[in-house]
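Summary of structural features
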Amino acid sequence: MPRNVYEGLFIFDPIRYAREPDVLSRQITQMIESAGGEVLVSRLWEERRLAYPIKGHRKGTYWLTYFRVDSSRLQEVHRASRLNEAILRFMFVKVDPRLVDTLVQHALGGPRPRPQPAAATTPTEEYAGVDAISDLEDLEDEEEEE
């Protein structure tokens, strides 16, 4: 079976996460590894207000994980996530293989590729041969005539 890379986003109960953050993060890793998967990166994303209450909670702690697992065994991770009472919601998205390295580096906080600057032109190169003042005067004259 093909081993795909998935992005997993988990929303934890913020009260439980505040009490035992290491335990909950280890549970995510254990769920993935017990399904024969490999965690590439796993980290806290943020705590934020939820759009609507989930199981009585108005806030949630978001946990982001990138992992590799056989596609046939993803259902095991899904089931374990449903059974974990500390997880309010979760979502798995298959990552395009061309984006894996970039997303993992970004999640690790690594350097991002810088965009190449466009060929810069100086104002003198851009307006070479144009006398801006005389052109402006010509425009003003045309406006007065109208």
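Cut-offs used in this document
- Residues numbered from 1 in each chain as written.
- Predicted model: local features only at pLDDT ≥ 70, side-chain atom pairs only at ≥ 80, totals over all residues.
- Heavy atoms only, no water.
- Helix = DSSP H or I, 4+ residues; strand = E, 2+ residues; numbered from the N terminus.
- Buried < 20%, exposed > 50% of the residue type's maximum accessible area, 1.4 Å probe, protein only.
- Contact = heavy atoms within 4.5 Å.
- Areas by Shrake-Rupley, 256 points an atom, 1.4 Å probe, with all protein chains shown as cover.
- Pairing = 2+ DSSP bridges.
- Axes fitted to C-alpha atoms, helices over the stretch in contact; angles between N-to-C directions.
- Phe/Tyr/Trp six-rings, centres within 6.5 Å; stacked < 30°, edge-to-face > 60°.
- Lys NZ or Arg CZ within 6 Å of the ring centre and 35° of its normal.
- Core = buried A, V, L, I, M, F, W, Y, C linked by side-chain atoms within 4.5 Å.
- pLDDT = per-residue confidence, 0-100.

Secondary structure assignment for the protein yields six helices and four strands. Helices (α) and strands (β) of the protein occur, in sequence order from the N terminus, as β-α-α-β-β-α-β-α-α-α. Going through the 146 residues of the protein one by one, you find that 29% of them count as buried. Intrachain contacts of the protein at a sequence separation of at least 6 include 74% that bridge at least 24 residues. A total of about 10400 Å² of accessible surface is found on the protein, and carbon and sulfur atoms cover 51% of it.

Turning next to the sheet that holds strand S3 (residues 57-70). Strand order in this open sheet of four strands is S2-S3-S1-S4, and the pairing throughout is antiparallel. The outermost strands of the open sheet, each flanked by one partner alone, are strand S2 (38-54) and strand S4 (87-94). Adjacent strand axes in the sheet meet at a mean angle of 20°, parallel and antiparallel pairs treated alike. Sheet topology places S2 next to S3; eleven bridges connect them, and they run antiparallel. Residue pairing for S3: Glu46 is matched across the bridge by Tyr62.

Our next topic: the environment of Leu99. Turning to its location among the elements, Leu99 is positioned in the loop between S4 and helix H4 (100-108). Judged by relative accessible area, which is 44%, Leu99 ranks as partly exposed. In the structure, Leu99 is positioned 94 residues away from Val5 in sequence and 9.9 Å away in space, judged by C-alpha atoms.

Before going further, it helps to spend a moment on the packing of aromatic side chains. Under the counting rule described, the total for this entry stands at eight aromatic pairs. An angle of 10° between the planes, with centres 5.9 Å apart, marks the rings of Phe12 and Tyr17 as stacked. Each member of the pair, Phe12 together with Tyr17, is buried. Among the residues examined, Tyr17 registers a relative accessible area of 14% and is labelled buried. Linked through ring pairs, Tyr6, Phe10, Phe67, Phe90 and Phe92 together constitute an aromatic cluster. Sitting above the plane of the Tyr62 ring, Arg48 keeps its charged end 5.9 Å from the centroid.

Core analysis: the biggest nonpolar cluster contains 17 residues, and Phe10, Phe12, Ile28 and Phe67 have the highest contact counts within it. Mapped onto this core, the elements with two or more residues apiece are strand S1 (3-12), helix H2 (21-34), S3, helix H3 (74-83) and S4. A total of four residues in this core trace back to one element, the largest contributor, which is H2. Look past the residues within four positions of Phe10 in its chain and what remains in contact with it is Ile28, Met31, Thr61, Tyr62, Trp63, Thr65, Ser81, Ile87, Arg89, Phe90 and Phe92. Within the second largest apolar cluster, 14 residues are counted, among which are Val5, Leu50, Tyr62 and Tyr66.

So, on to unusual backbone geometry. Here Lys55, not a glycine, exhibits a phi torsion of approximately 50°, which is positive. As for its position among the elements, Lys55 is in the loop between S2 and S3.

This prediction gives the protein a mean pLDDT of 80; 73% of its residues lie at or above 70. Below pLDDT 50 for its whole length, residues 121-136 participates in three contacts with residues either more than four positions away or in separate chains.

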